[in-house]
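Structural overview for review
These are the residues of each chain, in order.
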Amino acid sequence: MKNQETIKVTANQSKRTFTIRKFINGKLFAKYRTNQMTQEEFDSEERNTENDWKQFLTSNDYYRV
């Protein structure tokens, strides 16, 4: 059986960060938080898709919570 991976992203408007929760088969696997962004960066990231966030997790612009 293949593991089903999903991502849920929550924005924190005041801190201009996103919390990224990665689930495998419906169970929380890992939790990440982006580094603080400029307002422009934050506004553009809000429209990201799940695949965009998966790609983002290959960068170094976040830390594990």
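Look above for the structure.
Residues numbered from 1 in each chain as written. Predicted model: local features only at pLDDT ≥ 70, side-chain atom pairs only at ≥ 80, totals over all residues. Heavy atoms only, no water.

1. Details of the packing of aromatic side chains
Going through the model one piece at a time under the given rule, you end up with five aromatic pairs. On the numbers, 5.1 Å between centres and 55 degrees between planes, the contact of Phe18 with Trp53 is tilted. Note that Phe18 is positioned in strand β2 (residues 17–24) and Trp53 in helix α2 (residues 50–56), a separation of 35 residues in sequence. Between Tyr32 and Tyr62, the ring centres sit 5.2 Å apart and the planes meet at 85 degrees, which makes this aromatic pair edge-to-face. A residue pair is termed long-range when its members are at least 10 positions apart, and Tyr32 in strand β3 (residues 27–34) and Tyr62 in strand β4 (residues 62–64) qualify at 30 residues. For Tyr62, a relative accessible area of 23% gives the class partly exposed. Within the aromatic cluster, the residues linked to one another by ring pairs are Phe18, Tyr32, Phe42, Trp53, Phe56 and Tyr62. (Phe/Tyr/Trp six-rings, centres within 6.5 Å; stacked < 30°, edge-to-face > 60°. Helix = DSSP H or I, 4+ residues; strand = E, 2+ residues; numbered from the N terminus. Buried < 20%, exposed > 50% of the residue type's maximum accessible area, 1.4 Å probe, protein only.)

2. Comments concerning the pattern of salt bridges
Between side chains of opposite charge, a pair can form as their charged atoms come close. Under the counting rule described, the total for this entry stands at two salt bridges. Residue Lys22 pairs with Glu5 through a salt bridge whose shortest N-O separation is 3.9 Å. Separated by 17 residues along the polypeptide, Lys22 in strand β2 and Glu5 in strand β1 (residues 5–12) bring together distant segments of the chain. Residue Lys22 is classed as buried on the basis of its relative accessible area, which comes to 17%. With a shortest N-O distance of 3.7 Å, Lys54 and Glu50 are connected by a salt bridge. With Lys54 and Glu50 both in helix α2 and four residues apart, the pair spans about one turn of that helix. Residue Lys54 is classed as partly exposed on the basis of its relative accessible area, which comes to 30%. (Salt bridge = Lys/Arg side-chain N within 4 Å of Asp/Glu carboxyl O.)

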